[in-house]
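# Structural features, examined
Listed below, chain by chain, are the residues.
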Amino acid sequence: MKKKLLLLGAAFLFALAGPALAQKVKLATTAGDIVIELDAAKAPRSVDNFLHYVRDGHYDGTIFHRVIPGFMIQGGGLTPDLAEKPTRAPIPLESRNGLTNKRGTVAMARTMAPNSATSQFFVNVVDNAFLDQANSRDGNGYAVFGKVVAGMEVVDRIAAMPTTTAKGMQNVPTTPVIIRKATLEP
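Residues numbered from 1 in each chain as written. Predicted model: local features only at pLDDT ≥ 70, side-chain atom pairs only at ≥ 80, totals over all residues. Heavy atoms only, no water.

## As for the packing of aromatic side chains
- Summed over the entire model, instances satisfying the criterion amount to eight aromatic pairs.
- The interplanar angle of 90° and the centroid separation of 5.5 Å between the aromatic rings of F50 and F121 together place this pair among those described as edge-to-face. With F50 in helix α2 (residues 44-55) and F121 in strand β6 (residues 121-124), this pair connects stretches of sequence that are 71 residues apart.
- Judged by its relative accessible area of 0%, F50 is buried.
- Residue classification places F121 among the buried residues on the basis of a relative accessible area of 0%.
- Measuring from ring centre to ring centre gives 5.4 Å for Y59 and F121, while their planes differ by 90°; the resulting arrangement is edge-to-face. Placement of Y59 in the loop between α2 and β3 (62-68) and of F121 in strand β6 is noted, with a sequence separation of 62 residues between them.
- Clustering of aromatic rings is evident, with ring pairs tying together F50, Y53, Y59, F64, F121 and F145.
- Looking at R88, its charged tip hangs above the ring of Y53, at a distance of 5.9 Å from the centre.
- One cation-aromatic arrangement involves R110 over Y142; the distance from NZ or CZ to the ring centre is 4.2 Å. (Phe/Tyr/Trp six-rings, centres within 6.5 Å; stacked < 30°, edge-to-face > 60°. Helix = DSSP H or I, 4+ residues; strand = E, 2+ residues; numbered from the N terminus. Buried < 20%, exposed > 50% of the residue type's maximum accessible area, 1.4 Å probe, protein only. Lys NZ or Arg CZ within 6 Å of the ring centre and 35° of its normal.)

## Description of the environment of N140
- Checked against the element boundaries, N140 lands in the loop between β6 and β7 (144-150).
- For the pair N140 and L93, spaced 47 residues apart in sequence, the C-alpha to C-alpha distance is 8.0 Å.
- Beyond its immediate stretch of four places on either side in the chain, N140 contacts L93, S95, R96, R110, P114 and Q133. (Contact = heavy atoms within 4.5 Å.)

## Points about the pattern of salt bridges
- Summed over all chains, the structure comprises four salt bridges.
- One salt bridge in this structure joins D60 and K181, with 3.1 Å as the shortest N-O distance. Of this pair, D60 sits in the loop between α2 and β3 while K181 sits in strand β10 (residues 178-185), and the two are 121 residues apart along the sequence.
- Taking the relative accessible area as the measure of exposure, D60 reaches 23% and is therefore partly exposed.
- For K181, a relative accessible area of 44% corresponds to the partly exposed category.
- D156 serves as the salt-bridge partner of R103, at 2.7 Å between the closest nitrogen and oxygen. Taken together, the residues span a long stretch of sequence, with R103 in the loop between β4 (72-75) and β5 (105-108) and D156 in helix α3 (residues 152-159) at a distance of 53 residues.
- Accessibility expressed as a relative area gives 31% for D156, which makes it partly exposed. (Salt bridge = Lys/Arg side-chain N within 4 Å of Asp/Glu carboxyl O.)

Right, here's the structure in full:
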């Protein structure tokens, strides 16, 4: 009986500690810090993919290269001179995971092909329900895998920056916003 109570107590404490064990990543940018809490339970492949890029230092020195006020900020794949960094193989789309593209959520960027996400991600600056699988034009949507838990004011500051067209790309901030370092948070 004592053993069962101890096991139940331990299970209860573990359940309480669950959210505290959520993995977080800090993006130290030239505009300020952004902390993202990852949801490995609902988006395991996307989170694993993102963490591989963080651990490999891939995001260090990349920029937010696509900034659209009232929509989102996108980064994670290009250097300040708009050169694309090499990436790992694309991952399967996890847009049917129950997470939605609400303000402050982080999702994988992709091409028109559903299973094409690599390193690029975006932060929703408003609720973008049309990007959810259930509402998307292509029936696939975009996979949310985390949310900003600190630094949303930094995201908003980036979203408000003036942009231009450079090297054939639209919505590029006139002053580069560089991710100096992406690190795992305790």
